[in-house]
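# Fold and geometry: a report
Each chain, written out:
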Amino acid sequence: MRLVLLGPPGAGKGTHAQVLSKELGVAHVSTGDMLREALKKQTPLGVKAKAFMEKGALVPDEIVIALVKERLSNGDAKKGFILDGFPRTPEQATRLDENLEVLRMPLDLVLYFKTSLSVIIRRLSGRRVCSRCGKNYHIKNFKPKRDGICDACGAALVQRPDDREETIENRLKVYDKETSPLIDYYKRKNLLAEVSGDLEVKELNLQMKKLFRSKDL
Ligand code: AP5
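Residues numbered from 1 in each chain as written. Predicted model: local features only at pLDDT ≥ 70, side-chain atom pairs only at ≥ 80, totals over all residues. Heavy atoms only, no water.

## Looking at the sheet that holds strand 1 (residues 2-6)
Put simply, the rule is: Any two strands with at least two DSSP-identified bridges between them are counted as paired. Strands here mean DSSP runs of E at least two residues long; helices mean DSSP runs of H or I at least four residues long; both are numbered from the N terminus. Lines are fitted to the C-alpha atoms to define the axes, a helix being fitted only along its stretch in contact, and any angle between axes, read from their N-to-C directions, falls within 0 to 180 degrees. In what follows, residue pairs with any heavy atoms lying within 4.5 Å of each other are defined as contacts.
Taken together, the five strands give an open sheet; going across it, the order is 2-3-1-4-8, and neighbouring strands pair in parallel fashion. If you trace the sheet from one side to the other, it starts and ends with strand 2 (27-30) and strand 8 (192-196), each paired once. Strand-to-strand twist of the sheet, defined as the mean angle between neighbouring strand axes without regard to direction, takes the value 20°. By the bridge criterion, four bridges tie strand 2 to strand 3 (residues 81-84) in an arrangement that is parallel. The residue bridging Ser30 from the neighbouring strand is Asp84, located in strand 3. Strand contacts of helix 1 (residues 13-24): strand 1, strand 2, strand 3 and strand 4 (109-114), with the helix running at about 170° to strand 3, the strand carrying the most contacts.

Here's what the structure looks like:
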């Protein structure tokens, strides 16, 4: 299956992509994770992306388009993929279409996670991530077994720099201006299905799988 998860910051795209990629046996392609990894390793790409990410601005199109193009040509993406956090601008969406046409791997579905503002704020301000392996937690919804310590690797949990209040506000503005036009873009292509990002993880996972079955995916 070839999916795009579209929605505002904190809608749960990363959380669901992680679960679905395991269930469906497809690649999870998160541009946010790829950029954070580059930043951690201080690669030239990471150094370029740092200032944009810390402000909650988008990293320039050319950088992320090239990153995804390379990732999708890897063998594992041939079995299917879930794009999480990409595309995020009309330019990224049209370039993705072109790349997928060349690869003969058209999209099956775009899931739009419609999510209320109060839920977004609660999730982002409560999110904590592992400083080593990047695993996601939430101070109320998904607590680690030991306070502040990652269950998977034992490293310290930290707040993402872009989850601070002033940056969240900017990310939401950027989403409204740059990314939300993609809802209509994919509606026109008859690829969009709307789900509620407000739902509890298990409930939404079940709804999505029901939706896939109804579309013979
Ligand atoms: P990115 O990492 O993609 O961030 P984002 O899109 O802002 O998305 P988030 O990770 O904040 O939210 P999410 O929807 O994945 O929610 P999550 O599942 O984590 O991008 C970061 C930055 O990188 C961008 O600002 C930009 O600078 C750059 N970038 C990335 N892609 C780019 C691109 N294509 N073009 C240009 N720049 C790009 O959930 C959030 C929290 O809520 C977690 O704590 C989770 O545990 C909890 N939670 C999730 N779902 C539920 C639920 N159903 N119930 C209860 N709690 C939940």
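Resuming the write-up.
## Details of the nonpolar core
The cut-off we apply is this: Put simply, a nonpolar core is a bunch of buried Ala, Val, Leu, Ile, Met, Phe, Trp, Tyr and Cys residues held in one set by side-chain atoms that sit within 4.5 Å of each other. Exposure is judged per residue with a 1.4 Å probe applied to protein chains only, and the accessible area is read against the type maximum: over 50% gives exposed, under 20% gives buried, and values in between give partly exposed.
Membership of the largest hydrophobic core comes to 32 residues, with the highest contact counts inside it found for Leu72, Phe81, Leu83, Leu96, Leu107, Val110 and Tyr186. Mapped by element, the contributors of at least two residues to this core are strand 1, strand 2, helix 3 (44-55), helix 4 (61-72), strand 3, helix 5 (90-103), strand 4 and helix 8 (181-188). For this core, the element with the most residues is helix 4, which contributes six residues. Look past the residues within four positions of Leu107 in its chain and what remains in contact with it is Arg2, Val4, Phe81, Leu96, Leu100, Tyr186 and Leu191. In terms of nonpolar packing, the next biggest core, distinct from the first, is built from 15 residues, Ile82, Leu109, Val195 and Leu204 among them.

By themselves, these are just geometric observations and shouldn't be taken as functional.
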